[in-house]
Amino acid sequence: MSKKVKKKMADVFEFPPDVVMDLHRITVIGNIQVYVENHRGITLYTDTAVKISVNGGEVVIKGNGLRLRTVYSDDIYVEGTITEINLEGLDGQ
């Protein structure tokens, strides 16, 4: 099913687009915590950078003293002093 059809279904049935279109959701709490839902795994983990694979690209979190608070099959909590969040390789979903 194409992205266009999925988006239309989400609109018609009032479903959240992240659920219907297999999109990630990022929640940022101040500069101390990032919560990424609907991920596909961790591709890099250091105390200054964390890369999280999502549908179509990666979420890159940079900062100091970064640590993974929790990692579940659907979501990841990253804590520390967050200085930058980038979306790489995403194709305009």
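This text goes with the structure placed above it.
Keep in mind that this is a model prediction, so the values were computed, not measured.

Criteria and cut-off values
Residues numbered from 1 in each chain as written. Predicted model: local features only at pLDDT ≥ 70, side-chain atom pairs only at ≥ 80, totals over all residues. Heavy atoms only, no water. Helix = DSSP H or I, 4+ residues; strand = E, 2+ residues; numbered from the N terminus. Buried < 20%, exposed > 50% of the residue type's maximum accessible area, 1.4 Å probe, protein only. Contact = heavy atoms within 4.5 Å. Pairing = 2+ DSSP bridges. Axes fitted to C-alpha atoms, helices over the stretch in contact; angles between N-to-C directions. Patch = residues over 30% accessible without salt bridge, like charges linked within 9 Å, V, L, I, M, F, W, Y side chains within 5 Å. Areas by Shrake-Rupley, 256 points an atom, 1.4 Å probe, with all protein chains shown as cover. Salt bridge = Lys/Arg side-chain N within 4 Å of Asp/Glu carboxyl O. Phe/Tyr/Trp six-rings, centres within 6.5 Å; stacked < 30°, edge-to-face > 60°. Lys NZ or Arg CZ within 6 Å of the ring centre and 35° of its normal.

For the rest of this paragraph, the subject is the overall build of the chain. Along the chain, the regular secondary structure elements total 2 helices and 6 strands. Ordered by position from N to C terminus, the α and β elements of the chain give α-α-β-β-β-β-β-β. Of all 93 residues assigned to the chain, the portion counted as buried reaches 31%. Summarising the internal contacts of the chain: among those between residues at least 6 apart in sequence, 42% fall at separations of at least 24.

Take the sheet that holds strand β6 (residues 75–88) next. Pairing is antiparallel across the open sheet formed by 6 strands, whose spatial order is β1-β2-β6-β5-β4-β3. A single partner strand is all that each edge strand has here, and the edge strands are β1 (25–29) and β3 (42–45). Adjacent strand axes in the sheet meet at a mean angle of 35 degrees when their direction is disregarded.

The next point concerns a nonpolar patch on the surface. Together, Ile42, Tyr45 and Val71 make up a nonpolar patch on the protein surface, roughly 250 Å² of accessible area in all. With respect to the helices and strands, Ile42 occurs in strand β3.

This part covers the packing of aromatic side chains. Scanning the model with the defined rule gives 1 aromatic pair in all. Over the aromatic face of Tyr77 sits the side chain of Arg69, whose NZ or CZ is 4.7 Å from the ring centroid.

What follows is about the environment of Val36. Relative to the helices and strands, Val36 resides in strand β2 (residues 33–37). Considered as a pair, Val36 and Ile52 are 16 residues apart in the sequence and their alpha carbons are 8.3 Å apart. When residues no more than four places from it in sequence are discounted, the contact partners of Val36 are Arg25, Ile26, Ile52, Val54, Val59, Asp74, Asp75 and Ile76.

Before going further, it helps to examine the environment of Val28. Tracing the chain through its elements places Val28 in strand β1. Sequence separation between Val28 and Ile82 is 54 residues; the distance between their C-alpha atoms is 9.3 Å. In this structure Val28 touches Gln33 and Ile85, once residues within four positions along its chain are discounted.

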